[in-house]
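Inside the fold
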Amino acid sequence: MISDRLKSSLKREFDQSLMAKLGLSIALVIILVATFAPILATHHPGQTGHFDEEGSSYPPIGFDYQTHAWEDGDDGRERIPHTVQPTSEHVLGTNNLGQDVYSRMLFGARTSLLVGLIGTGLAAAFGVPFGLVAGYFGGRTDDSMMRVADIMLAFPSLVLAIALIGVFGRSVQYIPDPIVMAGFAEGMPEYAVLPGTVTLVVALVNWVWFARVARGEALAIRNEEYVKAARSLGASNWTVLRKHVLPNSLTPIIVLATIQVAAIILLESSLSYLGFSGTTLSWGYEISQGQDYLRTAWWISTIPGVAIVLAVISINLLGDWLRDALDPNIEGEGGV
Amino acid sequence: MSLAKFLIKRTLQGIFVVWGVVTITFGLRAIAPGDPVDLIVDPATSPEIRQQVREEMGLDQPLLIQYIEYLQGILVGDLGFSYQSRRDVTTMVIERVPATLELAIAATIVAIVIAIPLGVISATRRHEPSDYGATMFSLVGISTPNFWLGIMLILVLSVQFGLFPVSERPVGFVEAVTVLVTTGYFNDLITWFRHMTLPALTLGTYFTALITRLTRSGMVDELGKPYVTATEAKGLPSVLIRYKHVLRNTMIPIITVLGLQLGTLIGGAVITEWVFDWPGLGTRLINALYAGDWPVIQGVLIFIGIGFVVINIVVDSLYAYLNPRVVDE
């Protein structure tokens, strides 16, 4: 599908853009980390109770913090100042339940990427055909189909998503982890967790963007000479849609899909922050856990947020690169 | 097509969308799991009393009858009663509107005030450090989840430096201004401002970043056009050219995109309210969802849907008025 001209355009933009290189590097690191989480992790992500001798959470390496401990004194139990030192055992510290933050970040990357990629795929699989049919046939078909899309757009995506989860409930799917099954990572979870409802819901909420873009493309393409030629040669609507309209509208759809992965990762983190996800192995959920401990354990909320920002930035940079390379009419914004 | 005809067409479409929103939210409640009677009375009460409650709430009727009655109620502004508190849903929704509206407006003001000068500076000093700074800021801004940003603002500005309160909204803007006007007492307005700052920054950052991006790219396009060279050749001061002519032409696409992003603003307000325990529609919605209180969920969703449709019609009409070619398309 990708022509040589497109390949060279992609390469030229990539060579010129520092931002594209940065985006691709971060994205690759996150993909690798998510894939090999069981090997890279130092602890089982669900294992609790990693506290110091006074029962305090460990801070990340390079930080210590003041808290209080209790000791038996002359007048019963006494409150004494206590400094918590980091340990090389837990490089990013431990959370309020005494779970290893570093290991949880690795497994959280899996949740974000799985929901982001599968959610985008489902949204495109539904939205693109919908939009292409509406745009290609036009007229009444287009009108009535786009009214359905209007209704979807009248709900803010986060609001519609939480309402749908309210209906469907929270569910998770367990996917066997080949790395652990093959015995490469002793003592790690044997299943990767996919929050099924969330994945479905983000697709149900975001398909309409694919429908809009695909429709716009189909509207333009249906009047092109080559479509008219194909039809006068007797090609059926189905053939024209599949062989001419779809391939020629792919460019903006690919750019949109990239941006959608980032949008869906943000949406997933919001949903799991609000507790609607069904899995606790998620960056957003971890942020909500830390919110009650900001006075002492600042890192519990801070670190997963940094992970989300890095992931989303890298995907947005890749989206900018694709857009600049595939669509020469749009002036680049990243521009570095 | 005349402007009046265009308006009528858009309004009819809007009514259709509102009907769709009402129907979908009703459908969601119909398929939601759980028996609402359990929320109203103790699950251990006798079946007779449960049946009585069911009849009082009209829940024993066939779905179609319930739907028609619900539609009739909406026409007169009646959204039914909360399962949980038995309060009137219309009141429960309306009383939360000012807090959300204040938050959304404050965030929009933050965004416009920061973003437009930033975008202009960025576009007129391309490939200089200030441009790179603005570009980096907008990239990070659109990539940061706003609930996390809110928590980080609390961590640094409230917990570490104690500059702003952590949460809640002790006084509304209208009350604070009323107090100021009637008694000359400033403190309420200051309290309002201190509580509003962090939520408004939290919600406004994404839009600041987005508008900075749009302003920059729009300005870059416009600055390359012949009329700019012409006005420069005429000797007009560059400040005048930038802010009067170029920026005005850049604003049209910005307004369009902002109209499309209204949903993001409302969705962002919902989660921002949750972070700051802000008594708006968002906290009402999420609490109702945790409780399974569907009349309240429906009420908030329908209200948001109507607001969205109305604002879109207003934006479209403004747009059609400014740019009559839209009407013909």
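It should be noted that the structure appears before, not after, this text.
Residues numbered from 1 in each chain as written. Chains lettered and ligands numbered in written order. Predicted model: local features only at pLDDT ≥ 70, side-chain atom pairs only at ≥ 80, totals over all residues. Heavy atoms only, no water.

1. Structural notes on the interface of chain A and chain B
The condition is simple: Residue contacts follow a heavy-atom distance rule, with two residues in contact if any of their heavy atoms lie within 4.5 Å. By definition, the buried area sums, over both parts, the 1.4 Å-probe accessible area that each loses when the two are put together. Each salt bridge in this description consists of a side-chain nitrogen of Lys or Arg and a carboxyl oxygen of Asp or Glu lying within 4 Å of one another. In the analysis that follows, any N or O atom pair within 3.5 Å is treated as a polar contact, provided that within protein one partner can donate a hydrogen and the other can accept it, and provided that, for residues neighboring in sequence, both atoms belong to side chains. Elements are defined by DSSP. Helices are runs of H or I of four residues or more, strands are runs of E of two residues or more, and each kind is numbered from the N terminus.
Listed per partner, the contact involves 46 residues of chain A and 52 residues of chain B. Interface of chain A and chain B: buried area, both sides summed, is about 4300 Å²; carbon and sulfur atoms make up 76% of it. Run the count over chain A and chain B and you get 1 salt bridge. The shortest N-O distance in the salt bridge between B:Arg213 and A:Asp320 comes to 2.9 Å. Linking chain A with chain B are 6 residue pairs in polar contact (both at pLDDT 80 or more), by the criterion used here. The set of elements that each furnish at least two residues to the side of chain A that touches chain B consists of helix 5 (139-153), helix 6 (157-168), helix 11 (250-273), helix 12 (283-290) and helix 13 (299-326) of chain A. In terms of residue count, helix 13 of chain A provides more of the side of chain A that touches chain B than any other element does, 11 residues in total.

2. Some thoughts on the side chain of B:Thr231
All names here are of chain B. Here is the rule we go by: Only protein chains enter the accessibility calculation, which uses a 1.4 Å probe; a residue whose area is less than 20% of its type maximum is buried, one above 50% is exposed, and one in between is partly exposed.
Within the element layout of this structure, Thr231 appears in helix 11 (residues 226-234). What makes Thr231 buried here is its relative accessible area of 13%. Within the local environment of Thr231, its side chain forms a polar contact with the backbone oxygen of Val228, the two atoms lying 2.8 Å apart. Not counting residues within four places of it along the chain, the set of residues in contact with Thr231 comprises Leu236 and Ile241.

3. Considering the packing of helix 10 (residues 187-223) of chain B against helix 12 (residues 238-260) of chain B
Residues and elements named next belong to chain B. What counts, and what does not: Throughout, an axis means a line fitted to C-alpha atoms (over the contacting stretch in the case of helices), and angles, computed between N-to-C directions, take values from 0 to 180 degrees. Convention used here: angles under 35 degrees read as roughly parallel, angles over 145 as roughly antiparallel, angles from 65 to 115 as roughly perpendicular, and any remaining angle as oblique. Here is the rule for handedness: rotate from the far helix to the near one, and if that takes an anticlockwise turn smaller than a right angle the crossing is left-handed, while a clockwise turn gives right-handed.
Between helix 10 and helix 12, the shortest axis-to-axis distance is 9 Å and the interhelical angle comes to 130 degrees. As far as their axial angle goes, helix 12 and helix 10 are oblique. Along this stretch, helix 10 crosses helix 12, giving a crossing that reads as right-handed. Between helix 10 and helix 12, the residues in contact are Ile211, Leu214, Thr215, Gly218, Met219, Glu222 and Leu223 and Arg242, Val246, Leu247, Asn249, Thr250, Ile254, Val257 and Leu258, respectively.

4. Considerations on unusual backbone geometry
All names here are of chain B. The phi dihedral of Arg86 falls on the positive side, at around 60 degrees, and the residue is not glycine. Assignment of secondary structure puts Arg86 in the loop between helix 4 (63-75) and helix 5 (89-94). Its identity is not glycine, yet Asp277 carries a phi of approximately 50 degrees, on the positive side. Residue position: Asp277 is located in the loop between helix 13 (262-276) and helix 14 (281-291).

5. Here we look at the nonpolar core
Counted only if it meets this: Joining through side-chain atoms within 4.5 Å is the link that ties buried Ala, Val, Leu, Ile, Met, Phe, Trp, Tyr and Cys residues into a set, and such a set is a nonpolar core.
Residues A:Ile162, A:Val245, A:Leu271 and A:Tyr273 are the most contacted members of the largest nonpolar core, which totals 159 residues. Once you skip the residues sitting within four places of it in the chain, A:Tyr273 turns out to touch A:Gly284, A:Tyr285, A:Ile287, A:Ser288, A:Gln291, B:Phe147, B:Ile151, B:Ile271, B:Trp274 and B:Val275. Residues A:Leu10, A:Val255, A:Ala325 and A:Leu326 belong to the second largest nonpolar core, which totals 11 residues.

Everything listed here is a matter of geometry and, on its own, says nothing about what the molecule does.
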